[in-house]
Amino acid sequence: MEIRVTATPDAKPRGTRLPRLARRRQLLSAAQEVFVENGYHAAAMDEIADRAGVSKPVLYQHFPGKLELYLALLDLHVDDMVNRCREALASTHENKLRVQATFSAFFDFVSRQGEAFRLVFESDLRNVAPVRQRVERSLQECAEMVSVLIQEDTGCTSDEAHLLGVGLVGMAEVSARYWVTKHGSIPKDAAEQLMARLAWRGISGFPRTA
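Residues numbered from 1 in each chain as written. Predicted model: local features only at pLDDT ≥ 70, side-chain atom pairs only at ≥ 80, totals over all residues. Heavy atoms only, no water.

Before going further, it helps to examine the UniProt feature "DNA-binding region" (unreviewed entry) in the protein chain. Those places that UniProt annotates as "DNA-binding region" (unreviewed entry) correspond, in this numbering, to residues 44-63. Helix and strand shares over residues 44-63 are 75% and 0% respectively, and the end C-alpha atoms of the span are 13 Å apart. (UniProt positions renumbered as here; feature names shortened; annotations may be inferred. Helix = DSSP H or I, 4+ residues; strand = E, 2+ residues; numbered from the N terminus.)

Further remarks concern the side chain of Asn 95. By the secondary structure assignment, Asn 95 is in helix α5 (residues 95-110). On the accessibility criterion, Asn 95 (17% relative accessible area) is buried. If sequence neighbours within four positions are ignored, Asn 95 has contacts with Asp 153, Trp 200 and Arg 208. (Buried < 20%, exposed > 50% of the residue type's maximum accessible area, 1.4 Å probe, protein only. Contact = heavy atoms within 4.5 Å.)

Secondary-structure assignment places Ser 123 in the loop between α6 (117-121) and α7 (129-153). Taking relative accessible area as the criterion, Ser 123 reaches 11% and is therefore assigned buried. If sequence neighbours within four positions are ignored, Ser 123 has contacts with Tyr 70 and Arg 118.

Moving on, we come to the pattern of salt bridges. Counted according to the given criterion, the structure contains 13 salt bridges. The shortest N-O distance in the salt bridge between Asp 80 and Arg 112 comes to 2.8 Å. Of this pair, Asp 80 sits in helix α4 (residues 66-90) while Arg 112 sits in the loop between α5 and α6, and the two are 32 residues apart along the sequence. Neither Asp 80 nor Arg 112 differs from the other in exposure class; each is buried. The closest approach of N and O atoms between Glu 192 and Lys 188, which form a salt bridge, is 2.6 Å. Linking Glu 192 with Lys 188, this pair stays in helix α9 (residues 188-203), spanning 4 residues, or about one helical turn. Residue classification places Glu 192 among the buried residues on the basis of a relative accessible area of 7%. Owing to a relative accessible area of 23%, Lys 188 belongs among the partly exposed residues under this scheme. Several salt bridges converge on common partners, so that one network encompasses Glu 33, Glu 37, Glu 47 and Arg 51. (Salt bridge = Lys/Arg side-chain N within 4 Å of Asp/Glu carboxyl O.)

Let's shift gears to the packing of α4 against α5. Any two packed helices are characterised by the angle at which their axes cross and by the distance between the axes. At a closest axis distance of 8 Å, the pairing of α4 and α5 adopts a crossing angle of 160°. Considering the angle they form, α4 stands roughly antiparallel to α5. At the point where α4 passes α5, the crossing takes the right-handed sense. Listed contacts from α5 to His 77, Asp 80, Met 81, Arg 84, Cys 85, Ala 88 and Leu 89 of α4 are Arg 98, Ala 101, Thr 102, Ala 105, Phe 106, Asp 108 and Phe 109. Taken together, the residues that form the contact of α4 with α5 break down as 8 nonpolar, 2 polar and 4 charged. (Axes fitted to C-alpha atoms, helices over the stretch in contact; angles between N-to-C directions. Parallel < 35°, antiparallel > 145°, perpendicular 65-115°, else oblique. Left-handed = near helix turned anticlockwise from the far one by under 90°. Nonpolar A, V, L, I, M, F, W, Y, C, P; charged D, E, K, R; others polar.)

Before going further, it helps to spend a moment on the environment of Arg 51. Secondary-structure assignment places Arg 51 in helix α2 (residues 45-52). The exposure class assigned to Arg 51 is partly exposed, which follows from its relative accessible area of 25%. With 11 residues separating them along the chain, Arg 51 and Tyr 40 place their C-alpha atoms 15 Å apart. At 2.9 Å, the side chain of Arg 51 forms a polar contact with the side chain of Glu 33. (Polar contact = N/O pair within 3.5 Å; in protein donor to acceptor, adjacent residues only side chain to side chain.)

Scored by pLDDT, the protein chain comes out at a mean of 89, with 90% of its residues at no less than 70. Below a pLDDT of 50 lies the segment residues 6-13, which in the model reaches 14 contacts outside its immediate sequence neighbourhood of four places, other chains included. (pLDDT = per-residue confidence, 0-100.)

With that settled, consider the UniProt feature "domain: HTH tetR-type" (unreviewed entry) in the protein chain. Here the UniProt-annotated "domain: HTH tetR-type" (unreviewed entry) positions come out as residues 21-81. Secondary structure content for residues 21-81 is 80% helix and 0% strand, while the C-alpha to C-alpha distance between its ends is 22 Å.

What follows is the structure in structure tokens.
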């Protein structure tokens, strides 16, 4: 699922009327640019309004404050990450390919245009409760989806399967984030396959029950 909150170099002139949803997308696009460039604390609502080509009152009509604007943007991106993981797991019934698809989902997420992953994983609000809860919940949802499949296929208990799911999702997240900080020194496809092969060699060692 692609979330289309992308940079728009030509802001709408002030006074241009847009449908409410279109205006909201425009404001979120401008906010993403400013938050990624400056971080939450240094970002100003004035700058976001200017980037979107609207007045501050128009911005506040849609979002009552900077935190509400940030959380709305964060919700879009964590939902996107969870959906990518869900689609990867549903894309095949072969477990080796599921592992590969899941790693691809995380690498795709961090390599998206606009660096949305920074809002999720590198926010200067990471320790603020509403932000932390959203990020942790999204990773837990991904881990739970993985753990359900592990438990179905192995003799692992629910707790064991969930721990394995957390481990696999954590490996995908951390390796993808590390890869992107190295500016693709390893080609994306090669990096995905390298990490998926490592994960598969571990998880495939658990005997299947059927």
